[in-house]
Amino acid sequence: MPVKAQLQGTVELWKLFRNEGDDPGAFYRRLAVDAVAGFEQRYGSLDGARVLDVGCGPGYYTEAFRAAGASVVPLEYDADELRLAGEPPAGAMLGDAERLPL
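Asks: Before we move on, can you summarise the overall build of the protein chain with the specific residues and values?
Replies: Regarding its fold elements, the protein chain presents 4 helices and 3 strands. Along the protein chain, helices and strands appear, N-terminal first, in the series α-α-β-α-β-α-β. Here the C-alpha coordinates of the protein chain stretch approximately 45 × 35 × 25 Å along the principal axes. At a minimum sequence separation of 6, the contacts of the protein chain that also span at least 24 residues come to 33%. Surface exposure of the protein chain reaches about 7,000 Å², of which carbon and sulfur atoms provide 53%.

Next comes the structure, spelled out in C-alpha cells:
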C-alpha cells in the first residue's frame, strides 16, 4: 500500500478512535474491516472459512467476517456485551475462552 494511503487510513482510524466513547460501532466496524482485509491478504478468500470469534461482544467482527463469506461462531463470556449494539449476533454462544464449549 502506498505511504499516502497508509497515512490517510491512520488518520481516519485516529479520528474514529477519538470518538469511540460516543460512537464505538464506527471504530470497531473499521477495525473489523481491516482484520478481514488482513486475513484475505494472508490467506486468500474467506468464502466458506470457519471462524470462531472469541470475545465477540456485540458482533462487529462477526458481521465483517460473515460479509466476507465466512461461517462465524460468535462466542462471548458476558451476556451484556452481546447486547451493546442491540440484538446479539445470530448464533451467539455464551462461554469462557479457557473452557471452549465447542
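Text resumes after the structure shown.
Asks: Tell me about the sheet that holds strand E2 (residues 71-76), and name the residues and values.
Replies: Pairing within the open sheet is parallel, and its 3 strands lie in the order E1-E2-E3. Looking at the sheet topology across the chains shown, the edges are occupied by strand E1 (50-54) and strand E3 (93-94). In the sheet, E2 pairs with E3 via 2 bridges, with the strands oriented parallel. For Glu76, the partnering residue across the bridge sits in E3 and is Leu94.

Asks: Lay out the packing of aromatic side chains in plain terms, naming residues and giving numbers.
Replies: Overall, the coordinates contain 6 aromatic pairs when judged by the stated rule. Their ring planes at 70° and their centres at 5.0 Å tell us that Phe27 and Tyr28 sit as a pair that is edge-to-face. On the accessibility criterion, Tyr28 (30% relative accessible area) is partly exposed. Ring centres of Phe39 and Phe65 lie 5.4 Å apart, and the angle between their planes is 80°; this geometry places the pair in the edge-to-face category. Taken together, the positions of Phe39 in helix H2 (residues 24-43) and Phe65 in helix H3 (residues 60-67) put the pair 26 residues apart, joining distant regions of the chain. Judged by relative accessible area, Phe39 falls into the partly exposed class, the value being 34%.

Asks: Just give me the short version of the nonpolar core, but keep the residues and values in it.
Replies: If you look at the biggest cluster of nonpolar residues, it comprises 8 residues: Ala32, Val36, Leu46, Ala64, Phe65, Ala68, Ala70 and Val72. Those elements giving two or more residues to this core turn out to be H2 and H3. Each residue touching Phe65, except ones within four places of it in the same chain, is listed here: Ala35, Val36, Phe39, Leu46, Val51, Ala70 and Val72.

Asks: An account of the packing of helix H1 (residues 3-18) against H2 is requested, with residue identities and associated values reported.
Replies: Here H1 crosses H2 at 145°, and the two axes come no closer than 8 Å. Here H1 and H2 pass one another in a crossing that is left-handed. Of the residues in H2, those touching H1 at Gly9, Glu12, Leu13, Leu16 and Phe17 are Ala26, Phe27, Arg30 and Leu31. Residue classes in the contact of H1 with H2 are distributed as 6 nonpolar, 1 polar and 2 charged.

The rules behind these values
- Residues numbered from 1 in each chain as written.
- Predicted model: local features only at pLDDT ≥ 70, side-chain atom pairs only at ≥ 80, totals over all residues.
- Heavy atoms only, no water.
- Helix = DSSP H or I, 4+ residues; strand = E, 2+ residues; numbered from the N terminus.
- Contact = heavy atoms within 4.5 Å.
- Areas by Shrake-Rupley, 256 points an atom, 1.4 Å probe, with all protein chains shown as cover.
- Pairing = 2+ DSSP bridges.
- Phe/Tyr/Trp six-rings, centres within 6.5 Å; stacked < 30°, edge-to-face > 60°.
- Buried < 20%, exposed > 50% of the residue type's maximum accessible area, 1.4 Å probe, protein only.
- Core = buried A, V, L, I, M, F, W, Y, C linked by side-chain atoms within 4.5 Å.
- Axes fitted to C-alpha atoms, helices over the stretch in contact; angles between N-to-C directions.
- Left-handed = near helix turned anticlockwise from the far one by under 90°.
- Nonpolar A, V, L, I, M, F, W, Y, C, P; charged D, E, K, R; others polar.

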